[in-house]
Amino acid sequence: MRSVIVIGGGISGLAAAWELRGTAEVTVLEGRTRVGGKLRTGTVGGITVDEGAESLMALRPEAVELAAAVGLGDALCDPAKAPVTIWTGGALRPLPAGHVMGVPTDPAALAGTGLLPPQALARVAAEEHLPAAPLTRDCSVAAYLAGRFGQEAVDRLVEPLLGGVYAGRADRLSLRAAMPRIAALAERGGPLLPALRRMRAAGAATSAPAAVRGVAGGTGRLPQAVAEASGARILTGTAARSLERLPGDRWRVRAVTGDGTLTVEADAVVLALPAFAAAELLAPHSPMAEAGLTAIPYASTAVVTMAFSRARAAFLPEGNGFLVPPVDGHTVKAVSFLSNKWAWLRSAAPDAFVLRASVGRFGEDDLPARPDRHLIRSAITELRRAMGPLGEPVAARVTRWDRGLPQYAVGHHDRVRDIREAAAKLPGLALCGAAYEGVGVAACVATGRAAARQALAAAG
Ligand SMILES: Cc1cc2nc3c(=O)[nH]c(=O)nc-3n(C[C@H](O)[C@H](O)[C@H](O)COP(=O)(O)OP(=O)(O)OC[C@H]3O[C@@H](n4cnc5c(N)ncnc54)[C@H](O)[C@@H]3O)c2cc1C
């Protein structure tokens, strides 16, 4: 059997290992003491919660299918069908029906939300009549959408969504990479509103399923289940430090462990790492790949999870949570009412109301780095301003994700193409992870499985 080393035991690397089950001897090297990367559970006041990703995209199948394949099919669950609102202008306001990543499809529905003043609403409605030549090159989300719908629509509708998903900013993120559906329409030319309405109508006709799904007990259960089902040798607490090419296109990895160093050799290597970590290992082998990887910026974020006593709470929030536009100057960028959203959590902790507030967008690294007590206090203060006094939490936990989310800046697709072309010159080496074709878990699973096939094929 051929042998493969997977470096990085996040969901991308584990999906790669799983893809190779039965066809290669796989060793996964994970620097931390447990697998999972940004997928992990922890406890707050004894209640198990997700500290990183909490949902799996269901509109593309890869993550949900993998969960089912590794034995979590019965645990897959839908979030409550409840609205997410936007906290702006001193009130929680509904997102307009039918929006696509915040981009409105129906000016009349938007008018009823109170999100935009009349002048900005008129600007949105006018999009339908603005000429639009086909988009021929990538640009920022803000550059394109502000030109179509006006800056205020970008500030109050699109930015909150981008902050929630990418921890990114509209003036930096690539339209093609961060909003591929909108970019595809823009490339055809013509106003977006009618095209979005047609797209929406087609989606409604196919009675689309829930956009995301969860895993009872926490989406953080997924990595361990994948690791076990992969049959791979999983070495945690083992951080790869160097990569060496051996004669016969074999690879040697040197790693540090808790009690020394370790050397592993194999026919192929999959780098399932954040871009900056992959860059370090590739530096001696491909300056081109290293340069491209180093140029992918990252945003740091923090998640403040708090449990309140239902009995003592002055009131209980409704809905699944709210998003916050950066233009309003608040610390918190999103709040998820976990106890409303996930029935499994309500059953597991019926006396508590658990929510999580997220902090930190690209360029705001100082915010998530603040001491725990500051972050918790800011979250409580802003929750009170948004909704009213919830009281004091009975337990709180801060999880920091330093350089946790890659930013798909303008030109991201070209950069990834260059990186992949450079890496392809190294036989038996493949790259996967959130840095390339999508930050969501489903996209990561897809890149992991593809990288595994590519590495194995190249290895002979
Ligand atoms: C707070 C937060 C919430 C999110 N919410 C969602 C969500 O709800 N839904 C969704 O679809 N996506 C979500 N995402 C995005 C998604 O979780 C991540 O993009 C995805 O999990 C990344 O997986 P990965 O395997 O590519 O990278 P990672 O999870 O970063 O895994 C890489 C692994 O490599 C290890 N490593 C690094 N260097 C070395 C080395 N030298 N040697 C060995 N190991 C090394 C790391 O320890 C890590 O375990 C969220 C992300 C964050 C940060």
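What counts as what
Residues numbered from 1 in each chain as written. Predicted model: local features only at pLDDT ≥ 70, side-chain atom pairs only at ≥ 80, totals over all residues. Heavy atoms only, no water. Helix = DSSP H or I, 4+ residues; strand = E, 2+ residues; numbered from the N terminus. Buried < 20%, exposed > 50% of the residue type's maximum accessible area, 1.4 Å probe, protein only. Contact = heavy atoms within 4.5 Å. Areas by Shrake-Rupley, 256 points an atom, 1.4 Å probe, with all protein chains shown as cover. Lys, Arg positive; Asp, Glu negative; His and termini not counted. Charge placed at Lys NZ, Arg CZ, Asp CG, Glu CD. Near = heavy atom within 4 Å. Polar contact = N/O pair within 3.5 Å; in protein donor to acceptor, adjacent residues only side chain to side chain. Nonpolar A, V, L, I, M, F, W, Y, C, P; charged D, E, K, R; others polar. Domains from an automatic or database assignment. Pairing = 2+ DSSP bridges. Right-handed = clockwise from strand over helix to strand, strands pointing away. Axes fitted to C-alpha atoms, helices over the stretch in contact; angles between N-to-C directions. Expected span 1.5 Å × (residues − 1). Salt bridge = Lys/Arg side-chain N within 4 Å of Asp/Glu carboxyl O. Buried area = accessible area lost by both parts, 1.4 Å probe. Phe/Tyr/Trp six-rings, centres within 6.5 Å; stacked < 30°, edge-to-face > 60°. Lys NZ or Arg CZ within 6 Å of the ring centre and 35° of its normal.

Concerning the overall build of the chain
- The helix and strand inventory of the chain stands at 17 helices and 20 strands.
- Here the chain, with 460 residues, has 55% of them falling under the buried criterion.
- Nonlocal contacts in the chain, meaning residues at least 24 apart in sequence, comprise 71% of its contacts between residues at least 6 apart.
- For the chain, the exposed area adds up to about 18,700 Å²; of that, 52% sits on carbon and sulfur atoms.
- Looking at the chain, you have 50 positive and 41 negative side-chain charges, and the mean spots of the two groups are 2 Å apart.

Thoughts on the site of the ligand
- In the vicinity of the ligand lie 34 residues, with Ser 12, Glu 30, Lys 38, Ser 55 and Val 439 positioned nearest.
- In the model, a nitrogen atom of the ligand is placed 3.0 Å from a nitrogen or oxygen of the Gly 31 main chain.
- Contacts to the ligand include Val 441, whose backbone N or O atom sits 2.8 Å from an oxygen atom.
- Calculation on the ligand without its partners gives an accessible area of 1,000 Å², and the protein chains cover 87% of this total.
- Grouping the constituent residues of the shell around the ligand by class yields 17 nonpolar, 12 polar and 5 charged.
- For the shell around the ligand, the two domains that each supply at least three residues are domain 1 (2–44 + 60–77 + 217–296 + 409–458) and domain 3 (298–406).

Describing the pairing of strand β1 (residues 2–7)
- The element β1 is largely enclosed, with a buried count of 5 among its 6 residues.
- As defined by bridge partners, β1 adjoins strand β2 (residues 24–29) across 6 bridges and the pair is classed as parallel. Bridge assignment links Ser 3 to a residue of β2, and that residue is Glu 25.
- Tracing the backbone out of β1, into helix α1 (residues 11–19) and back to the parallel element β2 gives a crossover that is right-handed.
- Pairing analysis gives 4 bridges linking β1 to strand β14 (residues 268–271), with the strands arranged parallel. Across the sheet, the residue bridging to Val 6 is Val 270, located in β14.

A short note on the sheet that holds β2
- Taking strand neighbours across the sheet as the criterion, the 5 strands line up as β10-β2-β1-β14-β20 in an open arrangement whose pairing is parallel. Two strands close off the open sheet at either side, each with one partner strand: β10 (233–235) and β20 (429–431). For this sheet the average axis-to-axis angle between neighbouring strands, irrespective of direction, equals 15°.

Observations regarding helix α6 (residues 151–166)
- With 16 residues, α6 extends just 20 Å between its outermost C-alpha atoms, more than 12% less than the 22 Å of an ideal straight helix rising 1.5 Å per residue.
- Most of α6 is tucked away: 12 of the 16 residues are buried.
- Residues of α6 that are buried: Ala 153, Val 154, Asp 155, Arg 156, Leu 157, Val 158, Glu 159, Pro 160, Leu 161, Leu 162, Gly 163 and Tyr 166.
- With its phi angle positive at about 50°, Ala 167 sits one or two positions after the end of α6.

Structural notes on the pattern of salt bridges
- Within this structure, the stated rule accounts for 25 salt bridges.
- The shortest N-O distance in the salt bridge between Arg 254 and Glu 244 comes to 3.4 Å. Of this pair, Arg 254 sits in strand β12 (residues 250–257) while Glu 244 is found in strand β11 (residues 239–246), placing the two residues 10 residues apart along the sequence.
- A relative accessible area of 37% means that Arg 254 is categorised as partly exposed.
- Connected via shared salt-bridge partners are Glu 244, Arg 250, Arg 252, Arg 254, Glu 265 and Asp 267.

Some remarks on the sheet that holds strand β7 (residues 84–88)
- Ordered in space as β8-β7-β16-β17-β18-β15-β19, the 7 strands form an open sheet in which the pairing is mixed. Edge positions in the sheet fall to β8 (91–94) and β19 (395–406), since each of these pairs with one other strand and no more. Across the sheet, the axes of successive neighbouring strands diverge by a mean angle of 30°, strand direction being ignored.
- In the sheet, strand β17 (residues 332–336) pairs with strand β18 (residues 352–359) via 4 bridges, with the strands oriented antiparallel. Residue pairing in the sheet places Ser 336 in a bridge with Arg 356 of β18.
- On top of the sheet, α6 reaches β7, β16 (321–323), β17 and β19; it is set at about 115° to β7, its chief contact.

What to know about the domain arrangement of the chain
- As far as domains go, the chain holds domain 1 (2–44 + 60–77 + 217–296 + 409–458), domain 2 (101–112 + 119–205) and domain 3 (298–406).
- A straight line from the C-alpha centre of domain 2 to that of domain 3 covers 28 Å.
- Taking both partners together, domain 2 and domain 3 bury about 1,100 Å²; carbon and sulfur atoms supply 61% of that area.
- The tally of links from domain 2 across to domain 3 stands at 2 salt bridges.
- In this structure, Glu 364 engages Arg 169 in a salt bridge whose closest nitrogen and oxygen atoms are separated by 3.1 Å.

What about the side chain of Asn 340?
- Relative to the elements of secondary structure, Asn 340 occurs in helix α13 (residues 338–341).
- In contact with Asn 340, not counting residues within four places along its chain, are Ala 80, Pro 317, Glu 318, Gly 319, Asn 320, Arg 346 and Phe 353.

Some thoughts on the environment of Ala 184
- Inspection of the secondary structure assignment puts Ala 184 in helix α8 (residues 180–188).
- Along the sequence, Ala 184 and Lys 333 sit 149 residues apart, while their C-alpha atoms lie 28 Å from each other.

What to know about the side chain of Thr 238
- Mapped onto the secondary structure, Thr 238 falls in the loop between β10 and β11.
- Every residue in contact with Thr 238, bar those within four places of it in the chain, is listed here: Leu 29, Glu 30, Gly 31, Ala 255, Val 256, Thr 257 and Leu 262.

Thoughts on the packing of aromatic side chains
- Overall, the coordinates contain 5 aromatic pairs when judged by the stated rule.
- Seen from their ring centres, Tyr 166 and Tyr 408 are 6.0 Å apart, and the 55° between their planes marks the pair as tilted. Of this pair, Tyr 166 sits in helix α6 while Tyr 408 sits in the loop between β19 and α16 (412–424), and the two are 242 residues apart along the sequence. Exposure class is identical for Tyr 166 and Tyr 408. Each is buried.
- What links up through ring pairs into an aromatic cluster is the set Trp 87, Phe 322, Phe 337 and Phe 353.
- Positioned above the aromatic ring of Trp 18 is the side chain of Arg 21, whose terminal nitrogen or guanidinium carbon lies 3.8 Å from the ring centre.

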